[in-house]
Amino acid sequence: MTDGGVAIGDHVRPTEAGRDSHVPAGVYRVVGTDGDAVTLLLVGDAAGRRVHTGEVVTVALESLAAFEPAENPDASRSFATRILSQLAGLRWSLRLLWRSIRSRPIPGTTAITLLLVGAFGEGIVPVSETVLTGLFLLGTLLLAYLGRVGPA
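Report follows, based on the coordinates.

### What to know about helix H2 (residues 105-120)
One full turn of an α-helix is made of 3.6 residues, so residues set three or four places apart face in the same direction.
Here's step 1: The terminal C-alpha atoms of H2 lie 22 Å apart, and with 16 residues this matches the ideal 22 Å at 1.5 Å per residue to within 8%.
Here's step 2: When we look at burial in H2, the residues that qualify are Gly108, Ala111, Leu114 and Gly118. Buried residues of H2 fall within an arc of 130° about the axis and therefore sit on the same side. The outward face of H2, more than 90 degrees from its buried face, is lined by the exposed residues Ile106 and Phe120.

Here it is, written out as structure tokens:
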């Protein structure tokens, strides 16, 4: 990378020969550039496996010659691993939503009731389909609000 031509989103790693002591081995994503420095986020360990450390380093543009292009650690994850990761995130989101509903039982019960009546009330509740759609949307928005606010 002697030309210093990196763009935001590129992945680089320090070479063994030129590794600076303040930049540990690993895969870094370029998250910022300016005229004389590049900001890097550590996204992979030395073996190229995905890590979530939040470690950010700034490297002078002239020091970028000690880096080489690297593969995105996310690209090497299998389809099954990506699906399992998404399911784990969904599980945590639902768990946090449940905690929010439990901490605010009246708004939580109201939101779930509106959602269920809007979704399954046709033929049971004597109102138009437009009203049922509105109840469904209102319940969904209330649940989203409770999920964003968090537990009391």
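Having seen the model, we can carry on.
### Description of the packing of helix H1 (residues 79-103) against helix H3 (residues 129-149)
Here's step 1: Where H1 contacts H3, the two axes come as close as 8 Å, and the packing angle between them is 95°. Taken together, the axes of H1 and H3 lie roughly perpendicular to each other. Contacts from Leu97, Ser100 and Ile101 in H1 reach Leu143, Leu146 and Gly147 in H3.
Here's step 2: Residues belonging to the contact of H1 with H3 are distributed by class as follows: 4 nonpolar, 2 polar and no charged.

### Concerning the sheet that holds strand S2 (residues 27-33)
Here's step 1: If you trace the 5 strands from one edge of the open sheet to the other, you get S4-S3-S2-S1-S5, paired in antiparallel fashion. Whereas interior strands pair on both sides, the edge strands pair on one side only; in this sheet they are strand S4 (56-60) and strand S5 (67-69). Going from strand to strand, the sheet's axes swing by 45° on average, the running direction of each strand aside.
Here's step 2: The sheet contact formed by strand S1 (residues 11-14) and S5 spans 3 bridges and is antiparallel. Following the sheet pairing, Pro14 is matched in S5 by Phe67.

### Points about H3
Here's step 1: With 21 residues, H3 extends 30 Å from end C-alpha to end C-alpha; this agrees with the ideal 30 Å at 1.5 Å per step.
Here's step 2: The set of residues buried in H3 consists of Leu132, Gly139, Leu143 and Leu146. Axial view of H3: buried residues confined to an arc of 65°, hence all on one face. Seen from the buried face of H3, the exposed residues on the opposite side, beyond 90 degrees, are Thr130, Leu141, Tyr145 and Arg148.
Here's step 3: Tucked inside the fold, the buried residues of H3 contact H1 and H2.

### Notes on the pattern of salt bridges
Here's step 1: What the rule picks out here adds up to 1 salt bridge.
Here's step 2: Note that Arg49 is salt-bridged to Asp45, the shortest N-O span being 3.1 Å.
Here's step 3: Judged by its relative accessible area of 21%, Asp45 is partly exposed.

### As for the environment of Val31
Here's step 1: In this fold, Val31 is placed in strand S2.
Here's step 2: Val31 gets classed as partly exposed once you look at its relative accessible area, which sits at 38%.
Here's step 3: For the pair Val31 and Val56, spaced 25 residues apart in sequence, the C-alpha to C-alpha distance is 9.0 Å.

Rules and cut-offs
For every chain, the first residue of the written sequence is number 1, and numbering continues from 1 along that sequence. Totals for whole chains, interfaces and linings use all residues, but because this is a predicted model, local features are given only for residues with pLDDT of at least 70 and pairs of side-chain atoms are given and counted only at 80 or more. Water and hydrogen atoms play no part in the side-chain values, which are based on all heavy atoms of the structure. Numbering of helices and strands starts at the N terminus; helices are DSSP runs of H or I of at least 4 residues and strands are runs of E of at least 2. The span you would expect from a helix comes to 1.5 Å times its residue count less one. Any residue under 20% of the maximum accessible area for its type is buried, any over 50% is exposed, and the rest in between are partly exposed; the area is computed with a 1.4 Å probe on protein chains only. Note that the arc is defined by the directions from the helix axis to the C-beta atoms. Only the stretch in contact is used when a helix axis is fitted, and all axes are lines through C-alpha atoms; the angle between N-to-C directions ranges over 0 to 180 degrees. Note on angle classes: values under 35 degrees are labelled roughly parallel, values over 145 roughly antiparallel, values of 65 to 115 roughly perpendicular, and the remainder oblique. Only heavy atoms enter the contact rule, under which two residues are in contact if any of them lie within 4.5 Å. Three residue categories are used. Nonpolar comprises Ala, Val, Leu, Ile, Met, Phe, Trp, Tyr, Cys and Pro, charged comprises Asp, Glu, Lys and Arg, and polar comprises the others, including Gly. Here a strand pair is declared whenever DSSP counts at least two bridges between the two strands. The salt bridge definition used is simple: a Lys or Arg side-chain nitrogen within 4 Å of an Asp or Glu carboxyl oxygen.

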